[in-house]
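# Residue-level structure breakdown
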Amino acid sequence: MIAASLAVLAGLLVAVLVAGLVLRPRGASTLEFYLAGRRVGVVTNACAICGDYFSAASFLGVAAAVYVSGLDGVWYATGFAAGFVPVLLFVAAPLRRFGEFSIPDFLGRRLGSEGVRLAAVTVVQLVILSYLVPQAVGSGLTWELLVGEGVAGLSPYATGVVVSTVAIAALVVVGGMRGTTWTQAVQFLLLLAVFIWLAIVVLGSGFSYPDAVARLTENPLTNPAEVNGNWQLEVEENRLDSGEPAFFGHPGGRYGPLGQITLVVTLVLGTAGLPHVMNRYFTSPTGTAARMTTVWVLGFAGVFYALAVLLGTAARSLVSEAVADRPWLADLTVDGVLRVPEHAPLVLGRIYGGEAGLAVVAIGALVAVLSTIAGLLLASAASWGHDVYERHINPGASQRQAVWAGRSAVLVVAALSATLALLLRPQTLTALFPSIVATMVTWAFALAGSALAPVFVLAIWWRRTTAPGAVAGMVTGALTAIGLVALAPSVGDRGIGEILLAPTIVAAPLATVVTVLVSLRTTPPADVERLWLKLHGTAADRRAVRLARLTIAGVDGKKR
Amino acid sequence: MASSGADTPWTDPDEGDRRVPDVGDEYDMPADVDAAFRTVRRVAVGHFVVFLGVVVAVPILTLTVDWWSEGRLIGGMTPSFVMAAVGLYVFFFLIAAGAATLSNAVEDRMLGSPEQEPPDRDGAEP
């Protein structure tokens, strides 16, 4: 098992590095390094966005949430997918048409202010770090599960963190956005293939999805809990009906009356502020292509999350039936229920594919982590390299110097996230795995949705938005989100605690009001009408289309 | 209609006074952009209201209509489960495809003059 897993992992990492090398940027240009020359096609970009966006939280976390909470667990997936609808409606096309390098670059140029740029850099880096560290933790834990052995005296966990961080940092440094785009696109297709394979073998074994939901809903929902040092099944309380038990197919297993809405608002608005996802829109050739890319993303996301929900349900139904014939499940379960819900897809893989099946699913989890780390590192590099180094540290930098500044930023941020992941090492796998990964990713969404998304949307759709208004809005949104999340542990996860854990529903409207009020009292950029033409006009799109036609006509002419 | 050719071509504000390479004399008139902006904004807001209504309706139906959480729609699945597990993803895709198609059509009609397009125009992206 270890030898086979190591061989597959080594093959995967080598393939990623070779792809980065082959697809490395052409020439030392920041446009090539950060944006792949703005020539990424619609479907390729959609696959790359999915590779960027579907982290371990999506690959393992959604099935785990369904496994542990039933219907209420589905809302994580709903929020993740729903986030792209507002992106399509309000952000994708104008963002690409304005055509900058990063979120801070867009805000800085749109509002004509270096103060806005630096405030946005600060928020963007906080979001990236909140997202990056749990991915590194996830890679360490996946290595621990998959390989179980360390290298060069390191623990298995530390080996996973170091190997994945070094490999992906190398890919991003060498391959830039072009190499990263293609590897992320392939990695997403790999993730989807793993889910499709699992769904086919599960359904092929005679599993009936509707019947399973009905059967699981007949009895109260129970999950393992450690009581006085002993593991036992505890009935989940219905959060909508206090004192009553929760059921798999009914609401109330995870959220009270406010919980679903606060979570979905946080995930929906957070998506529009995620730097690694938004940066990908700058790589589209036109605004229309960026818009259509989002339609494809929503199609892919729907298939991916629907399969994740099916697999979570299947695991809940099938694992308990498989315990009797498979002694290895005894250590992982309590009376037929998994202690760590994130194991659900992995265990399904082993039940239906043996050791090879487990390796396939575990490698899928690692791939999910790696592709997200790549996108985050690139977004961080664009922010440090383009917005800080080129603008403030060395404004006269040559293209070569600017690209190397971006590469250096990748290495520094990768080292920082790996260090934090090693310091945050959970003492026991079972105790903290779900909480660290899921909680920190939710913080990232909350911060992005509270501080960046409102300012972002206003800057695109409201001419009167000003630089002081944007800075005030970002600061208000960020401080409110951080403050409410910090308060959450003292309040608990019921009632008002549901808002504190997913605070965007409060912080984003507050940031919007502050941005509007301050903007109305200050002066917008003098050339706002000219900026408006760039944001909402399609001349550049038509020019790109015409240029492409002329190029194609030239190629055809040569052939003839 | 845009691109009459009588006004100053579009310039990139970040490039100072340097004119953007002008392939095919494509540029937009401010009045046309403003009209298209308002129409696309109406499309976006309209679709967003429908999106928000449906997303919020699911938990509200859960709290108010017993059949939504207790009834049977497909085998043993409740309407609430079917909607959350599959229906909403289909809805998101359809509303996104509809909004994108409509927005693209609005921009095509309101910006850029069709008479300047080459005769073999097929609307394909580069």
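Residues numbered from 1 in each chain as written. Chains lettered and ligands numbered in written order. Predicted model: local features only at pLDDT ≥ 70, side-chain atom pairs only at ≥ 80, totals over all residues. Heavy atoms only, no water.

### Here we look at the pattern of salt bridges
Should their charged atoms come close, side chains of opposite charge can pair. Residue and element names in this part refer to chain A. For the coordinates displayed, the defined rule picks out 16 salt bridges over all chains. In this structure, the salt-bridge partner of E114 is R117, at a minimum N-O distance of 3.1 Å. Note that E114 and R117 are positioned in helix α8 (residues 114-146) at a spacing of three residues, about one turn of the helix. A residue is classified by how much of its surface remains accessible, and E114, at 31% relative accessible area, is partly exposed. According to the relative accessible area criterion, R117 is buried, its value standing at 1%. A salt bridge links E321 to R215; the nearest nitrogen and oxygen atoms lie 3.6 Å apart. With E321 in helix α13 (residues 287-322) and R215 in helix α10 (residues 209-216), the pair connects residues that are 106 residues apart, well separated along the chain. For E321, a relative accessible area of 47% gives the class partly exposed. A cluster of three or more residues bridged by salt bridges with shared partners is formed by E100, D105, R109, E114, R117, D387 and K534. (Salt bridge = Lys/Arg side-chain N within 4 Å of Asp/Glu carboxyl O. Helix = DSSP H or I, 4+ residues; strand = E, 2+ residues; numbered from the N terminus. Buried < 20%, exposed > 50% of the residue type's maximum accessible area, 1.4 Å probe, protein only.)

### Brief notes about the UniProt feature "transmembrane region" (unreviewed entry) in chain B
Residues and elements named next belong to chain B. Annotation from UniProt places "transmembrane region" (unreviewed entry) at residues 48-69 and 81-102. End-to-end, the C-alpha atoms of residues 48-69 are 26 Å apart, and along that stretch the chain is 95% helix and 0% strand. For residues 81-102, the end-to-end C-alpha separation is 31 Å, with 100% helix and 0% strand making up the annotated structure. (UniProt positions renumbered as here; feature names shortened; annotations may be inferred.)

### Things to note about helix α11 (residues 259-271) of chain A
All names here are of chain A. In a regular helix each residue adds 1.5 Å, so 13 residues correspond to 18 Å; α11 covers 18 Å between its end C-alpha atoms and thus fits that length. The buried fraction of α11 is high, at ten of 13 residues. Among the residues of α11, G259, Q260, T262, L263, V264, T266, L267, V268, G270 and T271 are the ones counted as buried. (Expected span 1.5 Å × (residues − 1).)

### Overview of the pairing of strand β2 (residues 230-235) of chain A
Residues and elements named next belong to chain A. As paired elements, strand β1 (residues 222-227) and β2 share six bridges and run antiparallel to each other. What sits directly across from P224, in β2, is L233. Between the end of β1 and the start of β2, which pair antiparallel, lie two residues, with N228 showing a positive phi angle near 55°. (Pairing = 2+ DSSP bridges.)

### Regarding the confidence of the model for chain B
All names here are of chain B. On average, residues of chain B score 76 in pLDDT, and 69% of them reach the 70 mark or higher. Summarising per-element confidence for chain B, the mean pLDDT is lowest in helix α2 (residues 66-70) (85) and highest in helix α3 (residues 79-110) (95). The model gives residues 1-23 a pLDDT under 50, and that stretch makes 52 contacts with residues more than four places away or in other chains. Residue range residues 114-126 is modelled with pLDDT below 50. Its contacts to residues more than four positions away, or to other chains, number 25 contacts. (pLDDT = per-residue confidence, 0-100. Contact = heavy atoms within 4.5 Å.)

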